[in-house]
Amino acid sequence: MKNLAVGVYYKCSGLSEKGTPPYFKDGKGATGGRGMAEGMRVLVIDDEAQIRKLLQVILSAHGYTVEASKNGTDGIARATMFKPDLLLVDLGLPDLDGKMVVKEIREWSKVPIIVLTARDEEQEKIEALDLGADDYVTKPFSTGELLARMRVCLRRAGVTEDEAVIECGDLTVDIAKHKVIEGSREIKLTPTEYEIVKVLAQNAGRVLTHKQLLKAVWGHDYDEDTHYIRVYIGQIRRKLEKDPTQPRYIVTETGIGYRFTG
Amino acid sequence: MAGGGPRHGLLERQPFSAQLIRAANRLATGLRSELLAVHIEAEKMEFPLGDKERDCLAKNMRLAEDLGAKTLTVVGKNVVDEMLLLARKQNITAIVVGKPNHWKISDAFGGSLVDKIIRRCGNINVYVIPGAQDGEAKSEQPSKNGHAGLSYQHAWLSLMMVVFVTAFGWWLQAELEVINIAFLYILPVLLSALWWGKWASYLSAITGMLALDFYFIEPIMTFSIGDVRYIWSFIIFLLLSALIGGRTDELKKESRQARQQEKSTRAVYEFSRDIAAVIDMEAIAKSLARQAGETIERKILVLLPDEKGTIKNEIRYEPAGGIVNEKMRLTTLSEAEIAVAAWVYKNKQAAGRSTDTLPGGKYLYVPIYSQANVFAVLGIDLALQKLTPSEQRLIDAWVRLSAIAMERVRLAEKARRSDMLIEADKLRTALFNSLSHELKTPLSAILGSVSSLLEADDFYSKQERLDLLTNIKDSSLRMERLIANLLDTARMESGMMKIKTDWCDMEDIVGATLRRLGDLLKNHRLAVDIEPALPFVKGDCVLIEQVLVNLIDNAIKYSEKQTEIIIRVKKIPQAVEIAILDQGVGIPEKDLEKIFSKFYRVKQPKKISGTGLGLSICKGIVEAHKGEITAVNRSSGGTLVSFTLPVKTSADDEKFSCRRIL
């Protein structure tokens, strides 16, 4: 398991689109300007030539240096030589399972990994995430969504110390003072609720699986205990969100976990 | 039967011995002739067949059938006459008889059975096989229940009755003639015959006669007889007693047998009635377990194989608790027992305790099979008590009845499956028709737009280019939804859709659904009404979300812009109900039932794209969660589609909440 807490002061607004499915949006607003990722090296491991081509064009246009590989073994070998700042790994590779690629790379590197999956199978995504992938993007994806996810991962990797204050839109999580403030009002949370909000906020923009959340808050990850997370998230939303049925801060990734968005 | 061909007869009056049948079979194979196994039951038997003999007879008849012989049972006065008559009628070329090991007194007069046959057989060959009668087959005649020999207690009671009659006679000696007293002595004979069988009655007769002589016939107090005519009286008395005793005993035996017979018949009849209308294997197996268990009061197992033929499921009957294993998992059997059951299943032969094959375990296993298939294995716990022959016969009858019923179920299943294949074929055709249209339309739009842009990029204005690109995007999204629906349908059809159960918070799922639908909702007024403190639902959150997405998507598609869509979630007894209400065009009453079937689409004046798969997927998912989905038209116009998801009982909840959260 990766250390989930990073950064000193953190502003998470604009990391991800609000309340809309990725490919129903144009993605223009979230892509940022050209060249903002100047020099960042990305390794794409995908067996589909068309997807490799698409990613190469899009990512190069946004200033990334792109290297592509069409199978897992070659991908792992290239990762050692090319030393990418970020990996995009397809889960359905011809030679070895994408999850295995994630696992092997995690053995020697903390480089951010985003898995691409054409499958609707949540289990695959969860396994990849639990093996150490940082996030996932489901095919077909919009460019905006992919770039937003990549930016979150890259920013996260660049910061090493624990941040003291996390700001997400109107919400401020003050780690030093153990406080959560929405707009101008302070929100009273129980210690467990606060812990959950803290862990989610520290990983803002990134999906956390039920298991990862259990482990971070309670220190264990028994599968059957996901029940408690659901109860707590419900309670937190009632305190935090204006409309708990359409949450803004803590968004459910059904079947996988939760994502904190600004 | 084809006439003329050589035929080989096996004729035996006594219950066949297996040895004899096998020998006859070898001979018949050698001579290339048919084998006919005949059991001749004499009308007037020297002794009625005991349980063991009947049992042995049934077993041997089955053996003969298994070896390919035809079997016949004939009742006749004279065994030899019947045998030869049958042999001529059936065109028999050879007779195989067993030579009894024992010499009988009757053989001295007129010769033994074998001698008689040989003498009168004419041109039929006779083969005599030595040692034909199985020593073990002979039951301890007369068989057990009560009329087995004479117990000390019964002898005592018989003697007491004689003593009582004697005392009574002594007391009334003055008033009664000797002849009347003699009549009184018939009483103990009769009663002891009735109560304790013929041996007790013979004892009463002899002691009674002695007592009569001793106490009442001159000279009194000696066994000598003054008047020689009394000898005749004694002989008549003894004859009478023997007749009464023997006959009463026989009547009693017969009535007991009749009762037993009636009980067995009823047990078989009840079972056959129970399974007559049943159309699934499991129910038949349950009936069998219950019937057998209740009648013979032992632990009963019915083991059912899975599709691959490995024994996986059991139905267990315990004498104390009835059918106890509702989940049907194999639970109690050891590996060795399962191996025996598997052997029985494979070889269509009984094995286990009390048989010659693998007798080590606790259970006797009997296969339930027809000509072509083995359906199940019946296990009977014999650890404490062996089966009586009548129980054995009952079990045989039940097993055959079950086999017939199971065969019927199997055939019905086969017929249904072929129906399903036809149905699947129709489905495929519909699928192709629907697919070609639904896939080609957006594809044409995409290709058209893209080629325009590629070929003449400069020709179009910025706005026109944007329109074309938007068109591409919309068409792609439409294709994506279609493919997702097709994949879901295929997954459901092939049984590959796995429900990953987890706790689902409906509030959470509604939120995720609305987020996923996003911009699609922007043209409608949305009202979300979720009852607070809803219980969690156990189910697959992703699939439930899919149901909601499909239903809301439908509501959007079939209602005008700016109308209201209500999502209402509330607790109902034992379940959570989720309803989607729209103010759209509604569904014609006659179509309400059909909208959940595959490819069914309500005929609309307005062209709305779709495959008719969405609702059938919803139905599949909801039903996989043991819920229900229904659609009704709202009185105010529009449609209400609602589905339920069952909630675990409060007992389960308590179990959950009792666990400590760290």
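Residues numbered from 1 in each chain as written. Chains lettered and ligands numbered in written order. Predicted model: local features only at pLDDT ≥ 70, side-chain atom pairs only at ≥ 80, totals over all residues.

### A word on the overall build of chain B
On a plain count of helices and strands, chain B comes out with 18 helices and 18 strands. Buried residues in chain B amount to 32% of all 662 residues. (Helix = DSSP H or I, 4+ residues; strand = E, 2+ residues; numbered from the N terminus. Buried ≥ 20, exposed ≤ 12 C-beta atoms within 10 Å, placed from the backbone.)

### Digging into the overall build of chain A
The helix and strand tally for chain A stands at nine helices and 13 strands. Across the 262 residues that make up chain A, the buried fraction comes to 44%. Residue pairs at least 24 apart in sequence account for 65% of intrachain contacts in chain A once pairs closer than 6 positions are excluded. (Contact = placed C-beta atoms within 7 Å.)

### Let's talk about helix H12 (residues 335-347) of chain B
Residues and elements named next belong to chain B. Between the first and last C-alpha of H12 there are 18 Å, a value that for 13 residues agrees with the 18 Å anticipated at 1.5 Å per step. Among the residues of H12, those classed as buried are Glu337, Val340, Ala341, Val344 and Tyr345. Down the axis of H12, the buried side of the element spans an arc of 140°, and every buried residue falls inside it. For H12, the exposed residues set more than 90 degrees away from the buried face come down to Glu335, Ala336, Lys346 and Asn347. Just beyond H12, the residue with positive phi is Lys348, at close to 55°. (Expected span 1.5 Å × (residues − 1). Arc of directions from axis to C-beta.)

### Some points on the sheet that holds strand S9 (residues 351-352) of chain B
Residue and element names in this part refer to chain B. Pairing in this open sheet of six strands is antiparallel, and the strands run S8-S7-S6-S11-S10-S9 from one edge to the other. Strands at the two margins of the open sheet, each flanked by one partner only, are strand S8 (322-323) and S9. The sheet contact formed by strand S7 (residues 311-318) and S8 spans two bridges and is antiparallel. Its bridge partner lying in S8, Tyr317 is registered against Ile323. (Pairing = 2+ DSSP bridges.)

### Topic: the nonpolar core
Proteins that are soluble and globular tend to have nonpolar side chains buried together. Residues and elements named next belong to chain A. Formed by 61 residues in total, the largest nonpolar core has its most connected members in Leu87, Leu88, Val89 and Val115. Lining this core are residues from two domains, each supplying at least three of them: domain 1 (19-158) and domain 2 (165-260). Residues contacting Leu88, with those up to four places away along its chain left out, are Val42, Val44, Ile45, Leu55, Ile114 and Leu116. (Core = buried A, V, L, I, M, F, W, Y, C linked by C-beta atoms within 7 Å. Domains from an automatic or database assignment.)

### Here we look at the interface of chain A and chain B
Contact residues are listed per partner, giving 23 residues for chain A and 26 residues for chain B. Residue assignment for the side of chain A that touches chain B shows that the elements contributing at least two residues are helix H5 (122-130), helix H9 (226-240) and strand S12 (250-253) of chain A. Top element by residues in the side of chain A that touches chain B is H9(A). It accounts for five residues. Across the side of chain A that touches chain B, the residue classes break down as nine nonpolar, 12 polar and two charged. (Nonpolar A, V, L, I, M, F, W, Y, C, P; charged D, E, K, R; others polar.)

### Things to note about the sheet that holds S12(A)
Residues and elements named next belong to chain A. Strand order in this open sheet of three strands is S11-S13-S12, and the pairing throughout is antiparallel. With partners counted over all chains shown, the strands left at the sheet margins are strand S11 (207-209) and S12, one partner each. Between one strand axis and the next, the sheet turns through 30° on average, direction left out of account. Where S11 meets strand S13 (residues 257-260), three bridges bridge the pair, whose relative direction is antiparallel. Counted as the bridge partner of Leu208 is Tyr258 from S13. The sheet strands contacting helix H8 (residues 210-218) are S11 and S13, and the helix crosses S11 at an angle near 80°. (Axes fitted to C-alpha atoms, helices over the stretch in contact; angles between N-to-C directions.)

### Looking at the confidence of the model for chain B
All names here are of chain B. Scored by pLDDT, chain B comes out at a mean of 79, with 85% of its residues at no less than 70. Per-element mean pLDDT across chain B ranges from 45 in helix H18 (residues 650-658) up to 94 in strand S16 (residues 575-581). Under a pLDDT of 50 for its full length, residues 1-6 has, in the predicted model, five contacts with residues more than four places off or in other chains. Long-range and interchain partners of residues 132-147, a stretch whose pLDDT sits below 50, account for 34 contacts in this model, where long-range means more than four residues apart. Our summary of model confidence lists the complex with pTM equal to 0.51 and ipTM equal to 0.76. (pLDDT = per-residue confidence, 0-100.)

### Some remarks on the confidence of the model for chain A
Residue and element names in this part refer to chain A. Looking at chain A as a whole, its pLDDT mean stands at 81, while 82% of the residues score no less than 70. Predicted confidence is poor over residues 1-8, with pLDDT under 50, and the contacts of this stretch with residues over four places away or in other chains come to 21 contacts. Of the regions scoring below 50 in pLDDT, residues 13-35 engages in 54 contacts with residues more than four places distant in sequence or in other chains.

### Re helix H3 (residues 79-89) of chain B
For H3(B), every residue scored as buried is listed here: Glu82(B), Met83(B), Leu84(B) and Ala87(B). A positive backbone phi angle near 60° is found at Asn91(B), which sits one or two residues after H3(B).

### A closer look at the pairing of S7(B)
Residue and element names in this part refer to chain B. Bridging between strand S6 (residues 300-305) and S7 involves six bridges; their strand directions are antiparallel. What sits directly across from Leu301, in S7, is Arg316. Linking two consecutive strands that pair antiparallel, namely S7 and S8, is a turn of three residues.

### Points about unusual backbone geometry
All names here are of chain A. A cis amide bond, omega -5°, links Lys139 with the succeeding residue Pro140. Looking at where Pro140 falls in the secondary structure, it is placed in the loop between strand S6 (135-138) and helix H6 (143-158). A positive phi angle, close to 55°, is found at His178, a residue other than glycine. For His178, the location among the structural elements is in the loop between strand S8 (171-174) and strand S9 (179-182).

### A look at the pairing of S6(B)
Residue and element names in this part refer to chain B. Burial analysis of S6 places five of its six residues in the buried class, which makes it a mostly covered element. Linking S6 to S7, which pair antiparallel, is a turn of five residues; within it Gly309 sits at a positive phi near 90°. By the bridge criterion, four bridges tie S6 to strand S11 (residues 374-381) in an arrangement that is antiparallel. Each residue of the ladder has a partner; that of Ile300, found in S11, is Ile380.

### Describing the packing of helix H7 (residues 191-202) of chain A against H9(A)
Residues and elements named next belong to chain A. Running from amino to carboxyl end, H7 crosses H9 at an angle of 85°, the nearest separation of the two axes being 10 Å. Taken as axis vectors, H7 and H9 run roughly perpendicular relative to one another. Touching Thr192, Glu193, Ile196 and Val197 of H7 are Tyr232, Gln235 and Ile236, all from H9. Class assignment of the residues belonging to the contact of H7 with H9 gives a composition of four nonpolar, two polar and one charged. (Parallel < 35°, antiparallel > 145°, perpendicular 65-115°, else oblique.)

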